[in-house]
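# Chains, contacts and geometry: an overview
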Amino acid sequence: MFTSTHFIWILISLSIIIIGSYLTFRFKLQEHTVSLIMAFLCIISEGTKMSQYMIYKNGGYILDPFALPLHLCSMMIFVVGYIAMTKNESHKQMAIDFLVPMGFIGGVSAQLIPMDGVSFSSVKVWQGFLFHAVLLWYVFYFIISKRFDYSFKSYIRNIKILLILALLSIYENSILNEYDTNFMFTHKPPVEGLPILNLNHGWFVYIMILIVLVMAGLLVFYSFFWLKERKDRQ
């Protein structure tokens, strides 16, 4: 982690986010157009990932359950599709309010902790870094265009959704334990050797630490907007 190759990937991702944001606002793309572009990129990304995770079993090929779109960032594919297609503005707003903080925290985390490594010869690595880069571009679009509701009510609602998803992931990982799945990281830490997020004191302590870290991360993210709003008012 944080090798020279890793830093190159981070620079590539930053370039995609900055250039993508500049072009989006330079050409004044409408929200629906941006969402359709993002949905198209999600389809390409998911198709690429599926091509890399097909496994032979019982005389045919199936998608490796490890690659099912049940991680938080992968779930954003469905949220993007919903935002692009729905006509219900209130539901779209809730979807945007969920996507922005989750996409930001998940995208940044994936860039800092690449589970598939950093090799330029790996299609999985390309897919992982590029997908999270365009996800962050999409997130910044809603932040810059001021479409993100950063109210305390939104924060609490997202915490509730996350806890429900985490609970469901425990069952998902148990059902698919044969494939060593780790959706939402409720089975084990994303990588070994992390200083705080580890299983040294047992699973329940690990889960509590994971929940606290996620809640704290979200609070820090929302606090930036709360403090900015307070400063603007003053």
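For the structure itself, look to the data block above.
What counts and how
Residues numbered from 1 in each chain as written. Predicted model: local features only at pLDDT ≥ 70, side-chain atom pairs only at ≥ 80, totals over all residues. Heavy atoms only, no water. Phe/Tyr/Trp six-rings, centres within 6.5 Å; stacked < 30°, edge-to-face > 60°. Helix = DSSP H or I, 4+ residues; strand = E, 2+ residues; numbered from the N terminus. Buried < 20%, exposed > 50% of the residue type's maximum accessible area, 1.4 Å probe, protein only. Lys NZ or Arg CZ within 6 Å of the ring centre and 35° of its normal. Core = buried A, V, L, I, M, F, W, Y, C linked by side-chain atoms within 4.5 Å. Contact = heavy atoms within 4.5 Å. Salt bridge = Lys/Arg side-chain N within 4 Å of Asp/Glu carboxyl O.

## Overview of the packing of aromatic side chains
Taken as a whole, this structure holds 26 aromatic pairs when the rule is applied. Residues Phe 104 and Phe 221 carry aromatic rings whose centres are separated by 5.0 Å and whose planes lie at 35 degrees to one another, so their mutual orientation is tilted. Residue Phe 104 is located in helix H4 (residues 89–112), and its partner Phe 221 is located in helix H7 (residues 203–233); the two are separated by 117 residues in the primary sequence. The class of Phe 221 is buried, set by a relative accessible area of 9%. The aromatic ring of Phe 27 is capped on one face by Arg 26, whose charged end is 5.7 Å from the ring centroid.

## Quick notes on the nonpolar core
Counting 37 residues, the largest nonpolar core has Met 76, Leu 99 and Tyr 138 as its most contacted members. A total of 9 residues in this core trace back to one element, the largest contributor, which is helix H5 (residues 123–144). Setting aside chain neighbours within four positions, we find Tyr 138 in contact with Val 34, Ser 35, Met 38, Val 80, Ile 83 and Leu 99.

## A short note on the pattern of salt bridges
Following the criterion strictly, the structure yields 8 salt bridges and no others. One salt bridge connects Glu 46 with Lys 49, and the closest N-O pair in it is separated by 3.6 Å. Separated by 3 residues within a single helix, Glu 46 and Lys 49 lie in helix H2 (residues 31–52), roughly one turn from each other. Asp 232 is the partner of Lys 228 in a salt bridge, and the nearest nitrogen-oxygen pair spans 3.3 Å. Note that Lys 228 and Asp 232 are positioned in helix H7 at a spacing of 4 residues, about one turn of the helix. By relative accessible area, Lys 228 is classed as partly exposed at 45%.

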